[in-house]
Amino acid sequence: MSLFLKALPLMALRPRPSFFFLCRVSNTIPIALSRTRTVFSVSSSIQPPPPASETLTSNTKPPLALKESLEWVTRTEFCGELSLNDVGKRVQLCGWVALHRVHGGLTFLNLRDHTGIVQVTTLPDEYPEAHSAINDLRLEYVVAIEGIVRSRPSESINKKMKTGFIEVAANKVQVLNSVNSKLPFLVTTADDAKDSLKEEIRLRYRCLDLRRQQMNFNILLRHKVVKLIRRYLEDMHGFVEIETPILSRSTPEGARDYLVPSRIQPGTFYALPQSPQLFKQMLMVAGFDRYYQIARCFRDEDLRADRQPEFTQLDMEMAFTPLEDMLSLNEELIRKVFIEIKGVELPNPFPRLTYAEAMSRYGSDRPDTRFDLELEDVSDIFSGSSFKVFSDSLERGGVIKALCVPSGSKKYSNSALKKGDIYNEALKSGAKGLPFLKILENGNIEGISALISSMDSTTRENLLRRCSAGPSDLILFAVGHHASVNKTLDRLRVYVAHELDLIDHGRHSILWITDFPMFEWNDSEQRLEALHHPFTAPNPEDVNDLASARALAYDMVYNGVEIGGGSLRIYKRDIQQKVLEIVGISMEQAEAKFGYLLEALDMGAPPHGGIAYGLDRLVMLLAGANSIRDVIAFPKTTTAQCALTRSPSEVDPQQLKDLSLTT
């Protein structure tokens, strides 16, 4: 059987035919007789062939003669929803030609709409005109088809298709639009192609890309997630959806703002919101009790697979809700999303780790716990060591931590550990080198000779016991400041887990990270800055020492990815002002930037808190996609450009003049 994938424009290859088919007026599909090509046939006892291997070929036939007028036709059914229950029914379908093939003199096509695909057949002996017309169709033509649903013979059933038990025998085919330019890729076969499409091509021709089955699934999945969230929050917990401004003022939230100049107020600028943080707090002051929003947010930052300059978050805020109630409600929400969308039951309650525990054991505040590799602090074991790399670090107040890799000595050669990929991973994290030890099968140790010679038998035994290391294992070390050591071993931990296939992909690891520090040190600016944001409430136990206080903050982590984060908020002005002072914002600056919030806190602000989920990131994980660009209809590239619309772009000089801007 041969398959004709007709993806090339052929108008230039052959002049348009000068003949027309005679057409009968249909009561079902309204058509104009003038310059319209419509073909009729009826179902027959002849059955289509069974599925067979398909060969891709190109077509050299001219396109159909199309009518010049526009027409809107009616459909009675959707392609992907037909079943054996519809056998014998006359249906009217609309969609795109997804596949076109010829076998044994018969022509078949797959018709695709937003619900799926159904096979359509015609019969050449009884209805030669219909057969000829169907042969002229090419991939991605838009057509309307009327016909009778019938069962496929048993040898032709395709169990891989939802509609694989039936087909439609067409008695009318109407071309609504043709394809007059070369298709950059084949939509139907793109998902199964051995060589994946380049993303720049997909984004440039996004309307075609979104027709692909996988992209259609992703976008519909996103819709289902949002619909589920709305119903849960509104119908079960009384949340109210309230929109907050897109044009606002710049606030210090960690990333650069996108600025919008004001024409009416020359020399002034709006900022696009990085989050609705301050507005949702004021809604609590206003007494709305439970607010949520599917909010558009904007951040001018360097991009990666799970970042976009404009993104969507589920934003929530609640008044009079203690910490445990806040966590419980959100656990219930996410459990419902996972059971409804993926059929996965998440634990009840979610496990928790404090920030200090997570950093100590995994080197990360978003650990992937689907595998068991943990870090060990071995500073005390090497206290007084003659190995200069270790001793110098300890003298400067640094730490020594180790990661034991099961069977790692077999996987990684000395060369790889000294200059190979795993060594380069350490360098990418900022490490200056990668000290290591290998435990051989006979129990001997090899590795950095200076390190080995510095260890006596007691040190060696203590190290192996602390790391639970045995024959064939590999111990990797990182030395220096706590932050840099954790960064290096976190990166190596994830790297070797992928390399050695240690991750249980059938497992779903979700947990809370709690008790974050209120502040972290910004070395470049020599000041403290808020780890989350300066509106996070301190733990009441630490309120007398705010600079070292723990925050009432919480992040939700799924499979090593942060999907949401929030905190209880400061709701008293004096504490808010003190926190702003600690991060270097003076009283005058606070009044200028946040005067409206400080004023609101003086007008009876209730205790409140909230959380925000990265909706794009959550849907990406639910869909099993590799990038959030695969779950956003029209995303930006990694250079913050829209390949489809070619934005950002230059503007007319007059527009800049109207905004009091000059080039």
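As a starting point, this report considers the structure included with it. (Residues numbered from 1 in each chain as written. Predicted model: local features only at pLDDT ≥ 70, side-chain atom pairs only at ≥ 80, totals over all residues. Heavy atoms only, no water.)

1. A look at the nonpolar core
Stated precisely, the cut-off is as follows: To define a nonpolar core, start from buried Ala, Val, Leu, Ile, Met, Phe, Trp, Tyr and Cys residues and group those joined through side-chain atoms within 4.5 Å. Throughout this description, buried means an accessible area under 20% of the type-specific maximum (1.4 Å probe, protein chains only), exposed means over 50%, and partly exposed covers the range between. In this description, contact between two residues means that some pair of their heavy atoms is separated by no more than 4.5 Å.
The biggest cluster of nonpolar side chains holds 73 residues, and the ones touching the most others in it are Leu314, Met316, Leu333 and Ile334. The contacts of leucine 314, once residues within four sequence positions are left out, are Ile229, Leu233, Tyr292, Gln293, Ile294, Leu333, Ile611, Ala612, Tyr613 and Leu615. Cys79, Leu93, Ile134 and Val187 belong to the second-largest nonpolar core, a separate cluster that totals 27 residues.

2. With respect to the pairing of strand β22 (residues 527-530)
Our working definition: At least two bridges found by DSSP between two strands are what make those strands a pair. A helix here means a DSSP run of H or I that spans at least four residues, while a strand means a run of E at least two residues long, and both kinds are numbered starting from the N terminus.
Here 4 bridges tie strand β21 (residues 519-522) to β22, and the two strands are oriented antiparallel to one another. Along β22, the bridge assignment pairs tryptophan 521 with leucine 528.

3. Some details on helix α7 (residues 323-341)
The test is simple: Working rule for helices: expected span equals 1.5 Å times residues minus one.
With 19 residues, α7 ought to run about 27 Å at 1.5 Å a step, and its terminal C-alpha atoms sit 27 Å apart, in line with that. By the burial criterion, the buried members of α7 are Met326, Leu327, Leu329, Asn330, Glu331, Leu333, Ile334, Arg335, Val337 and Phe338. Positive phi shows up at glycine 343, right after α7, with a value of about 70 degrees.

4. Quick notes on the pattern of salt bridges
Rules: By salt bridge we mean one thing: a side-chain nitrogen of Lys or Arg within 4 Å of a carboxyl oxygen of Asp or Glu.
Scanning all chains against the criterion turns up 40 salt bridges. Taking the shortest distance from any N to any O, the salt bridge between glutamate 167 and arginine 150 comes out at 2.8 Å. Of this pair, glutamate 167 sits in strand β8 (residues 166-177) while arginine 150 sits in strand β7 (residues 142-151), and the two are 17 residues apart along the sequence. With relative accessibility at 0%, the residue glutamate 167 sits in the buried group. Among the ionic contacts, a cluster of salt bridges with common partners joins Arg202, Arg206, Asp209, Arg212 and Asp630.

5. Quick word on the pairing of β8
Judged by how many residues are buried, β8 sits mostly within the fold: 10 of 12 residues are covered. Where strand β6 (residues 116-122) lies against β8, 2 bridges are found, and the strand directions are parallel. For valine 120, the partnering residue across the bridge sits in β8 and is valine 168. Relative to β8, β7 runs antiparallel, the two sharing 10 bridges. Bridging across to β8, valine 142 finds its partner in asparagine 177.

6. Some details on the packing of helix α5 (residues 213-237) against α7
Threshold: Where helices are involved, their axes are fitted lines through C-alpha atoms of the stretch in contact, as for all axes, and angles between N-to-C directions lie from 0 to 180°. An angle below 35 degrees is treated as roughly parallel, one above 145 as roughly antiparallel, one from 65 to 115 as roughly perpendicular, and anything else as oblique. In a left-handed crossing the near helix is turned counterclockwise from the far helix by less than a right angle, and in a right-handed crossing that turn is clockwise. All amino acids are sorted into three groups, where Ala, Val, Leu, Ile, Met, Phe, Trp, Tyr, Cys and Pro are nonpolar, Asp, Glu, Lys and Arg are charged, and the leftover types, Gly among them, are polar.
α7 packs onto α5 with a crossing angle of 140 degrees between their chain directions and a minimal axis gap of 10 Å. When the interaxial angle is binned, α5 and α7 end up oblique. The two elements α5 and α7 meet at a crossing, and its hand is right-handed. Taking contact as the criterion, the partners of Leu221, Lys224, Val225, Leu228, Ile229, Tyr232, Met236 and His237 in α5 are, on α7, Leu329, Glu332, Leu333, Lys336, Val337, Glu340 and Ile341. Split by residue class, the contact of α5 with α7 holds 10 nonpolar, 1 polar and 4 charged.

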